Amino acid sequence: MIKVVVADDSLTSRERLVSQLHSDPGFCVVGQARDGREAVDLTRQLRPDLVTMDISMPRMDGFEATRQIMVDTPTPIVVVSNSVESADVAASMQAIRAGALSALGKPPGPSAPDFEPSRARFLATLRSLASVKVVGHRLRAFQRPSNPPPAPTSNGHSRAIATVVALAASTGGPAALRSVLDALPYDFPAPILVVQHLSPGFMPGFVAWLNMSCRLRVKVAEEGDRIERGHVYIAPEDRHLSVTPTLTVRTLTSPPVDGFRPSASVLFEGVAQAYGRHAATAILTGMGRDGVDGLRRIRELGGRIIAQDEQTCSVFGMPAAAIDAGLADYVLPISQVAAKLVEMVGVETKE
């Protein structure tokens, strides 16, 4: 039985969410909070397995409540929001940066035509996230290091300069991606292609949030975009992201891979085919094993692979799968990923 605290200032929304949780015998709502302050207090008192957190609430908003819970009573938190306006999405992303695992749209009411499949997906996601082992306040894990990590020692083998970067993330990924992109210089000499699993409707606000601090230009990838250095191309909602032989963007509606569209494996395979040994990749925090098959192709063609380490992952699923498959050239904390990418695209290195 998964014990849940529901935090939402709207009585209607709160009752709807409680009803949907109670429709599954695996969930039990043990507390209801009308604002962030109550959410903090109930989490401390009831020690639930999961908190669903609205963002816009009186007295204390969802971001501050998440921050305090992760300091005082580390608990899996999922932001559940009606709004996909840029400001609310930005607040949701900040909550993830403070330790929330994911941001989901509120499921539709019983009269909606897609009610049953939406409810089933929503509850399945909550069930998965409730099992994640979280640790205390981890903002420090996403701070830019004051000094770059030292370059690895040479063993005499020359490696090609990378001319493209491909990144993939899922649960906890927005904060990890922002940490990496924020630390890259404005003259970063390679394009960056990204797959981030997000709930429907969150992509425009997510891109706007990244552009608030990133020195590079971040955009949702569009079919036919010319892939240019210093630009970050994010896979659009419900489309795979790949690369043509002439180095333009491909967005695909082909079936999901391992349940995902966009799929990290599709991105990595496309990048491997187009760039070969000049590809640098990083697989970041996320549930499952999306990306592993594509990374095998990267490895076969001579590209290099970074996996985020367990200590700085919200969920050590995707990176662990890559490491277990023997595909990671480097296992690094998130604070060192950007420096390694700069090294890969900057000068010829000896490793």
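In the block above lies the structure referred to throughout.
Residues numbered from 1 in each chain as written. Predicted model: local features only at pLDDT ≥ 70, side-chain atom pairs only at ≥ 80, totals over all residues. Heavy atoms only, no water.

1. Overview of the overall build of the chain
Item 1. Along the chain, the regular secondary structure elements total 11 helices and 16 strands.
Item 2. Its C-alpha atoms give the chain a radius of gyration of 20 Å, near enough to 20 Å, the size a compact globule of 351 residues would have.
Item 3. Its C-alpha atoms give the chain principal-axis dimensions of roughly 60 × 45 × 35 Å.
Item 4. Put simply, of all contacts in the chain between residues at least 6 apart along the chain, 73% involve residues at least 24 apart.
Item 5. Split by element, the accessible area of the chain, about 14,400 Å² in all, is 51% carbon and sulfur.
Item 6. Taking the average place of the 36 positive charges on the side chains of the chain and the average place of its 36 negative ones, the gap between the two points comes to 4 Å. (Helix = DSSP H or I, 4+ residues; strand = E, 2+ residues; numbered from the N terminus. Rg over C-alpha atoms; globule rule 2.2 N^0.38 Å. Contact = heavy atoms within 4.5 Å. Areas by Shrake-Rupley, 256 points an atom, 1.4 Å probe, with all protein chains shown as cover. Lys, Arg positive; Asp, Glu negative; His and termini not counted. Charge placed at Lys NZ, Arg CZ, Asp CG, Glu CD.)

2. Quick word on the packing of aromatic side chains
Item 1. Under the criterion given, the structure shown has one aromatic pair.
Item 2. A cation over a ring is seen here: K340 above Y330, with NZ or CZ 4.1 Å from the ring centre. (Phe/Tyr/Trp six-rings, centres within 6.5 Å; stacked < 30°, edge-to-face > 60°. Lys NZ or Arg CZ within 6 Å of the ring centre and 35° of its normal.)

3. Thoughts on the sheet that holds strand β9 (residues 217-220)
Item 1. Strands sit in the order β9-β10-β8-β7-β13-β14-β15 across an open sheet of seven strands; the sheet is parallel. A single partner strand is all that each edge strand has here, and the edge strands are β9 and β15 (330-332). Ignoring which end each strand starts from, the neighbouring axes of this sheet average 20° apart.
Item 2. Bridging between strand β13 (residues 279-283) and strand β14 (residues 304-308) involves four bridges; their strand directions are parallel. (Pairing = 2+ DSSP bridges. Axes fitted to C-alpha atoms, helices over the stretch in contact; angles between N-to-C directions.)

4. Comments concerning the sheet that holds strand β3 (residues 50-53)
Note on sheets: strands pair through backbone hydrogen bonds, and any given pair is parallel or antiparallel.
Item 1. Reading across from one edge, β2-β1-β3-β4-β5 is the order of the five strands in this open sheet, with parallel pairing throughout. Every interior strand has two partners, whereas the edge strands, β2 (27-33) and β5 (102-105), have only one. Neighbour-to-neighbour, the strand axes of the sheet open up by a mean angle of 25°, direction not taken into account.
Item 2. As paired elements, strand β4 (residues 77-81) and β5 share four bridges and run parallel to each other. Within the sheet, the bridge partner assigned to V79 lies in β5 and is A103.
Item 3. Set on the sheet, helix α2 (residues 36-46) makes contact with β1 (2-7), β2 and β3; between it and β2 the angle comes to about 135°.
Item 4. Against the sheet, helix α3 (residues 62-72) contacts β3 and β4, and its axis sits at roughly 160° relative to β3.

5. Some points on the pairing of β14
Item 1. Among the five residues of β14, five are classified as buried, and the element is accordingly described as predominantly covered.
Item 2. Where burial is concerned, the two faces of β14 agree: the one with R304, I306 and Q308 and the one with I305 and A307 are both buried.
Item 3. Between the parallel elements β14 and β15, the chain passes through helix α10 (residues 318-324) in a crossover that is right-handed. (Buried < 20%, exposed > 50% of the residue type's maximum accessible area, 1.4 Å probe, protein only. Right-handed = clockwise from strand over helix to strand, strands pointing away.)

6. Details of the packing of helix α8 (residues 264-275) against helix α9 (residues 292-300)
Item 1. Following both chains from N to C, one finds α8 and α9 inclined at 15°, their axes separated by 7 Å at the closest point. What the angle tells us is that α8 and α9 run roughly parallel. Handedness of the α8/α9 crossing: left-handed. Here S265, F268, E269, V271, A272 and Q273 of α8 come into contact with α9, specifically with V292, D293, G294, L295, R297 and I298.
Item 2. Considering only residue class, the contact of α8 with α9 consists of six nonpolar, three polar and three charged. (Parallel < 35°, antiparallel > 145°, perpendicular 65-115°, else oblique. Left-handed = near helix turned anticlockwise from the far one by under 90°. Nonpolar A, V, L, I, M, F, W, Y, C, P; charged D, E, K, R; others polar.)

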